[in-house]
Amino acid sequence: METASQLKHTALSEKHISLGAKMVPFAGYLMPVSYSGLNDEHHAVRNAAGIFDVSHMGEFKISGAGALDLIQRVTSNDASKLTEGKVQYSCLPNDKDGIVDDLLVYQIKADEYLLVVNASNIEKDWNWISKFNSDGVKMENVSDDVSLLAVQGPKALTILQSLTEVDLSLIPYYTFKIGKFSGIDNVIISNTGYTGAGGFELYFPNEAANKLWDDILKAGNTEGLKPAGLGCRDTLRLEMGFCLYGNDINDSTSPLEAGLGWITKFTKKFTNSENLLQQKEKGLTRKLVGFEMIERGIPRHDYPIVDASGNTIGVVTSGTQSPTLNRAIGMGYVKTEFSALHSEIFVVIRDKPIKARVAKIPFLNK
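Residues numbered from 1 in each chain as written. Predicted model: local features only at pLDDT ≥ 70, side-chain atom pairs only at ≥ 80, totals over all residues. Heavy atoms only, no water.

1. Some thoughts on the packing of aromatic side chains
And then number 1: By the definition in use, this model includes eight aromatic pairs.
And then number 2: Geometrically, the ring pair formed by Phe60 and Trp126 is edge-to-face, given 5.2 Å between the ring centres and 75° between the ring planes. Here the residue Phe60 occupies a position in strand β4 (residues 58–63), and Trp126 occupies one in helix α4 (residues 122–131), the gap between them amounting to 66 residues.
And then number 3: Taking the relative accessible area as the measure of exposure, Phe60 reaches 0% and is therefore buried.
And then number 4: Classification of Trp126 as partly exposed rests on a relative accessible area of 22%.
And then number 5: Ring geometry for Tyr173 versus Tyr174: centroids 4.9 Å apart, planes at 75°, classification edge-to-face.
And then number 6: Chaining the aromatic ring pairs together yields one cluster made of Tyr106, Phe176 and Tyr203.
And then number 7: The cationic tip of Arg286 hangs over the ring face of Tyr333; the distance from NZ or CZ to the ring centre is 4.5 Å. (Phe/Tyr/Trp six-rings, centres within 6.5 Å; stacked < 30°, edge-to-face > 60°. Helix = DSSP H or I, 4+ residues; strand = E, 2+ residues; numbered from the N terminus. Buried < 20%, exposed > 50% of the residue type's maximum accessible area, 1.4 Å probe, protein only. Lys NZ or Arg CZ within 6 Å of the ring centre and 35° of its normal.)

2. Remarks on the environment of Lys8
And then number 1: For Lys8, the position within the fold is in the segment before α1 (13–18).
And then number 2: Along the primary structure Lys8 and Met31 are separated by 23 residues, whereas in three dimensions their C-alpha atoms are 9.1 Å apart.
And then number 3: In contact with Lys8, other than residues within four places in its own chain, are Gly28, Tyr29, Leu30 and Asp144.
And then number 4: Of the polar contacts made by the side chain of Lys8, one reaches the side chain of Asp144; its length is 3.3 Å. (Contact = heavy atoms within 4.5 Å. Polar contact = N/O pair within 3.5 Å; in protein donor to acceptor, adjacent residues only side chain to side chain.)

3. Re the side chain of Ser55
And then number 1: Summarising the element assignment, Ser55 is placed in the loop between β3 (49–53) and β4.
And then number 2: Looking at Ser55, the relative accessible area reads 5%, which means it is buried.
And then number 3: Separated by 3.0 Å, the side chain of Ser55 and the backbone nitrogen of Leu148 make a polar contact.
And then number 4: Ignoring anything within four residues of it in the chain, the contact list for Ser55 reads Thr10, Val146, Ser147 and Leu148.

Bear in mind that shape data such as this cannot, by itself, settle questions of function.
Okay, structure coming up:
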């Protein structure tokens, strides 16, 4: 584990500390896990708005001749469907039926793309993509130069609109515009996020981070905007059934098992596509499902899942007490025969099987 002196800091670390945030090591960074409390921040995002510093995420620029071909080779989704201003969720399959990482692919221009990857996988992803760059496509790792704020919640558009002349209502889900925001030029304003509460993500140079943070907080002061940390980011994404790399997907989970068949396009060839197609045709032996606890108990990562006879049938990958639903929910891999909606399963908590049932994802009815 890194010592405090070895951890990286975002451009906003001092802001978080001055606001009284609880800071924790995360993916090699010192990051805010909470400010006013996980539940308080969670409800603020669901009902009004929250601002997250997610500048620890990684950004790669892929540009020039062959850029699209390289992206097509290493990602599972079909990036040829992208047009300028569009975003695509995708993953990097490995050659062992698993996932190197999940990511967002932005088409900036016809021959210019921005890949947004998970903080813990920046070096791993860079090395993996580079391995397939046999044609000398231009690649730039700009992760250390870019800050990223996510303003999420039903009031996010109103709050942010006061700071830009770009009409945010004309930016549909999974699209973006590049424009002036709070006096800063060339900000990527993206209708994306990891909470299911709506909102935008803003990419800009580190030097502008303190100004934008302050300006957004001021603009949201009367709208219930609160600083939000990684703690509620996790409970928010779990209520939506969004996968977290390292928990729900990893180097040994296939995108098909993880329910990511919708971003796995066999209309093109990509890394390990032939083996994944065989897996699809043969049929899956396990699936990632959502479940809700029937009996009292909170499921946690790596807790065993068993059947009524106590036979192991799977494992919990994520679990929490849902602040919105006020009940315990989770996700986990189970044998396919136990994956049907409402199937009865048991999570082993402190050596005791606690009853649960397979539930529809997302857990929230939007």
